[in-house]
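Chain and residue survey
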Amino acid sequence: MGSPNDRRDFLKHGAAATAGLFAAGAAMGKAAETGTSQSQGDTFPRMHPGLGGPIGSPTDRGKLVPGLREAGQSPVNVIAPDLKTTWGKIVNGAREFHLHAMPVRREVLPGIWMDAYGFNGQFPGPVLEMYQGERIRIVFRNDLPEPTTLHSHGLELPISFDGIPAVTQDLVKPGHTFVYEYDVHQEGSYFLHPHVAMQEAIGMVVPFIIHPKVAYEPTVDRDFVLMTQQFAMLPNAHIPNTMSMDWNFLTINGRCGPYTTPLVCKLGERIRIRFLNFSTLHQHPMHLHGHTFWVTGTEGGRIPESAWIPGNTVIVGVAQSRDVELIANNPGDWVLHCHMFHHMMNHMVSQVGPIIRQKKDDPGFKVPGYPQMMKGMSDMKVLPEGEELPFDDYSMPMTTEDMRKINGRREVQGMREGWFKGVKGLFTVMRVLPPHLYDKVMKTDEPIPPNSSTPLNPPPGSQKL
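Thresholds applied
Residues numbered from 1 in each chain as written. Predicted model: local features only at pLDDT ≥ 70, side-chain atom pairs only at ≥ 80, totals over all residues. Heavy atoms only, no water. 1 Å grid on protein atoms, 1.4 Å probe; cavity = no way out; pocket = protein on both sides within 12 Å on 5 of 7 lines; lining within 4 Å. Points joined across faces, edges and corners; volume = space filled by probe spheres on them. Nonpolar A, V, L, I, M, F, W, Y, C, P; charged D, E, K, R; others polar. pLDDT = per-residue confidence, 0-100. Contact = heavy atoms within 4.5 Å. Helix = DSSP H or I, 4+ residues; strand = E, 2+ residues; numbered from the N terminus. Buried < 20%, exposed > 50% of the residue type's maximum accessible area, 1.4 Å probe, protein only. Polar contact = N/O pair within 3.5 Å; in protein donor to acceptor, adjacent residues only side chain to side chain. Salt bridge = Lys/Arg side-chain N within 4 Å of Asp/Glu carboxyl O.

Attention now moves to empty space enclosed by the protein. In the structure shown here, the tally under the stated rule is 2 cavities of 30 Å³ or more. The calculated volume of the largest cavity comes to roughly 150 Å³. Lining the largest cavity are 21 residues, with Pro212, Tyr216, Arg272, Arg274 and Arg302 sitting closest to its centre. Its residues assigned to classes, the lining of the largest cavity comprises 8 nonpolar, 6 polar and 7 charged. Looking at the second largest cavity, its volume works out to about 30 Å³. Residue lining of the second largest cavity: Pro81, Asp82, Leu226, Ile252, Asn253, Thr260, Thr261, Leu263 and Thr428, and that is the complete set. Of the residues contributing to the lining of the second largest cavity, the split by class is 4 nonpolar, 4 polar and 1 charged.

A word on the confidence of the model for the protein chain. On average, the protein chain scores 86 in pLDDT, and the residues at 70 or more come to 80%. Confidence over residues 1-41 falls short of pLDDT 50; this stretch has 25 contacts with residues more than four positions distant or in other chains. Ignoring residues within four places in sequence, the model shows residues 350-356, a span with pLDDT below 50, making 6 contacts including any to other chains.

What follows deals with the side chain of Glu325. Position of Glu325 relative to the elements: it lies in strand E20 (residues 321-327). A relative accessible area of 0% means that Glu325 is categorised as buried. For Glu325, the side chain forms a polar contact with the side chain of Arg272, separated by 3.2 Å. If near-sequence neighbours (up to four positions away) are discounted, Glu325 is found in contact with Pro218, Val220, Arg270, Ile271, Arg272, Phe293, Trp294, Thr296 and Arg302.

The next thing to look at is the pattern of salt bridges. Taken as a whole, this structure holds 23 salt bridges when the rule is applied. In this structure, Asp143 and Arg141 form a salt bridge, with 2.7 Å as the shortest nitrogen-oxygen distance. Across the pair Arg274 and Asp223 runs a salt bridge whose closest N-O atoms are separated by 2.9 Å. You can see Arg274 sitting in strand E14 (residues 270-277) and its partner Asp223 sitting in strand E11 (residues 222-231), a full 51 residues away along the chain. There is no split in this pair, since Arg274 and Asp223 are both buried. The structure contains a network of salt bridges with shared partners spanning Asp223, Arg270, Arg272, Arg274, Arg302, Asp323 and Glu325.

And the structure:
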């Protein structure tokens, strides 16, 4: 065994070596940010795809490459497409939110409405944002026709506020109010919901985001929240069947693709996407095209950097959340969707015989295994008001108003003509725009021609990386 002096020297030199490694990593991250290079191949390109440094380095697939914001600032507010967000207000030393449980109507696709339960007029309810270490107060009023509670999913809090009927509290009766108040010492992506199963199945959930007081490094420039749900709504019905073990509508933030509003960001930014799965019975392998991300958080909070996992698909189980981070360095309009094949469809219903195809007399029927043609945006037809499809045409009828709802949003301006035909079900789009195009899309009302962000039939060789 060595002497105490030997051990002290070993520890001293080991600490120095470790410090040197961290310093080198910081320098590489800074090099990636500024575009300079310490040596060949150690930078991560912001403006085009590339691997960056060697495996295990800070710039490996953009792992620790910071966003464009300076370190040491407060986190950015989350962006929840198609949902409201709120920080509440400070009242008597606590951050106070008001939640009203109530029946709501939601247009999940143009012209297709769902009657469900929600909070403050929508489902999912508004995204609640707060800082780690704060005391929060949720003034909860029940405006449903039946009793309910509010459970803070994944939160470590006093037992009296856990929201479990009979076990921890009495049900909150219709017209009554209950106040939940506790300190939040955790951070991460959580949600609130009743602990009454059928109410959960009919839409009742609230995203609940706890930020650290100082943004984690590497800093992110945009922070998106996407809540997934699934429902069984049979033909000619407008109320989900909460007893069904099947489903035919899948939503992101309360809408089905292509009615989901795209995630819009600038080329070169660091992006966080928070996936929260509140489906009744299915996991969702969420897949992003054109980029590699790192899984950085779960419903338990942030994962240590040494355990981050690179990929482009992350499985989000029921009642789980997964945070991913990436450098948006590949320009264009990239789809983001669940990769379970049946989850990439809308309005699936059991039908009889060939009517699931578009035409009764389709010669393809003579071929065994001829692909089924589900009703969807890819076979839609725009009809004048009051006009109906021929009896043998099973296309999806769309009105000009329906198309305005799809294509009239500012977030879709400049996308490829007919983009909506390839976006269905648990599907959305992440748009990575050069700064000048981003500013034009998101900060002006100027008309933007189609195909501005993703070329239409580019000439051969023009898209080489």
